[in-house]
Structures are given as structure tokens and as C-alpha cells.
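Fold and contact review
Single-letter residue listing:
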Amino acid sequence: QVQLVESGGGLVQAGGSLRLSCAASGIIFSINDMGWYRQAPGKQRELVASITRVGNTHYADSAKGRFTISRDNAKKMVYLQMSSLKPEDTAVYYCNAEIMTPLLPMSHYWGQGTQVTVSS
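Below: a short report on this structure. (Residues numbered from 1 in each chain as written. Predicted model: local features only at pLDDT ≥ 70, side-chain atom pairs only at ≥ 80, totals over all residues. Heavy atoms only, no water.)

Here we take up the overall build of the chain. Broken down by element type, the chain carries 0 helices and 11 strands. Ordered by position in the sequence, the α and β elements of the chain form the string β-β-β-β-β-β-β-β-β-β-β. Since a compact globule built from 120 residues should have a radius of gyration of about 14 Å, the 14 Å found for the chain is in line with a globular shape. Projecting the C-alpha coordinates of the chain onto the three principal axes gives extents of approximately 45 × 25 × 20 Å. Out of the 120 residues in the chain, the part that is buried amounts to 42%. (Helix = DSSP H or I, 4+ residues; strand = E, 2+ residues; numbered from the N terminus. Rg over C-alpha atoms; globule rule 2.2 N^0.38 Å. Buried < 20%, exposed > 50% of the residue type's maximum accessible area, 1.4 Å probe, protein only.)

Moving on, we get to the nonpolar core. Formed by 31 residues in total, the largest nonpolar core has its most connected members in W36, L80, M82, Y93 and I99. Of all the secondary-structure elements, those providing two or more residues to this core are β3 (18-25), β4 (30-39), β5 (46-51), β7 (67-72), β8 (77-82), β9 (91-100) and β11 (114-119). It is β9 that contributes the most residues to this core, 5 residues altogether. Setting aside chain neighbours within four positions, we find I99 in contact with V2, L4, A24, I28, S30, I31, P105, M106, S107 and Y109. (Core = buried A, V, L, I, M, F, W, Y, C linked by side-chain atoms within 4.5 Å. Contact = heavy atoms within 4.5 Å.)

The final tally for this structure, using the stated rule, is 2 aromatic pairs. Relative to W110, the ring of Y94 lies with its centre 6.5 Å away and its plane at 85°, an arrangement referred to as edge-to-face. Of this pair, Y94 sits in strand β9 while W110 sits in strand β10 (residues 107-110), placing them 16 residues apart in sequence. Assessed through its relative accessible area of 40%, W110 is described here as partly exposed. The rings of Y37, Y94 and W110 are connected pair by pair, giving a single aromatic cluster. Over the aromatic face of Y79 sits the side chain of R19, whose NZ or CZ is 4.1 Å from the ring centroid. Stacked on the ring of W110, the Lys or Arg R45 has its end atom at 4.6 Å from the ring centre. (Phe/Tyr/Trp six-rings, centres within 6.5 Å; stacked < 30°, edge-to-face > 60°. Lys NZ or Arg CZ within 6 Å of the ring centre and 35° of its normal.)

Examined bridge by bridge, β4 and β9 share 8 bridges and lie antiparallel to one another. Each residue of the ladder has a partner; that of M34, found in β9, is A97. Linkage of β4 to β5, two consecutive antiparallel strands, is achieved through a turn of 6 residues, within which G42 is found at a positive phi near 75°. (Pairing = 2+ DSSP bridges.)

Looking now at the pattern of salt bridges. Under the definition given, this model contains 4 salt bridges. With its nearest N and O atoms 2.7 Å apart, the salt bridge here joins R38 to E46. Judged by its relative accessible area of 7%, R38 is buried. Here D89 ties to R66 by a salt bridge, and the two come within 2.7 Å at their closest N and O atoms. Within this pair, whereas D89 is found in the loop between β8 and β9, its partner R66 is found in the loop between β6 (57-59) and β7, the two being separated by 23 residues in sequence. Residues D89 and R66 agree in their burial class; the two are buried. Several salt bridges share partner residues, and in doing so they unite R38, E46, R66 and D89 into one network. (Salt bridge = Lys/Arg side-chain N within 4 Å of Asp/Glu carboxyl O.)

What follows is the structure in C-alpha cells.
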């Protein structure tokens, strides 16, 4: 069974930095796109950044210039380096990955989420 487990969330002051990590585990054939989403209270889940298997990246406008997404294909991990954090970045951050297993075609999987709180 495929699992995505996030880590690295926490409480940080405005202007600070955090690095989120997400590890995929289970019997995995291949992983295509990986990404980070976030959901603030009362708001819809939104894409923060995504990265293809070969390293092409896409960022939401709110993340451009402040966040950097990267991945380690050998370790089946994706990272989100967040800098110059603002209170409006406060949200639960979710890892998402498009994964193929021996039994299932390419499907999207979600982590359980990690809380990021930015104080002013």
C-alpha cells in the first residue's frame, strides 16, 4: 500500500523559513508529478508548487520567488523549501504524487498533511 508522509511543519515567525519533506513508501513502480498543496481554514485546497520527474517546476504566484520545490527520485522524496514566510502562508500543507504500482495504474495519492503556522 502506497503512503505519503509529510514532515517539517511547525510554528515560525513572519520572515522565517521552513523545509517540508514528503516520503513515498510502498511497492512503487514509478512516480510522475509530485507537488505540494495547502488548505487554509475556510478556504479551498490550492496548488503551491509541483515538479515533474525530470525536474520541471511550476509555482503558484503566491509562492514564486519565496518557495523552492525539489525532489530526490532515488529516495522517492519531494521537498518544499519555504522562505520569507508570511502569516497568509498559514495552512495545512499536503503532499501529492502521481504513482503507479504493480497492481494499479497511475493514480494520485495524498499525504495526511502537516501544519504550517506563521505568526506576525
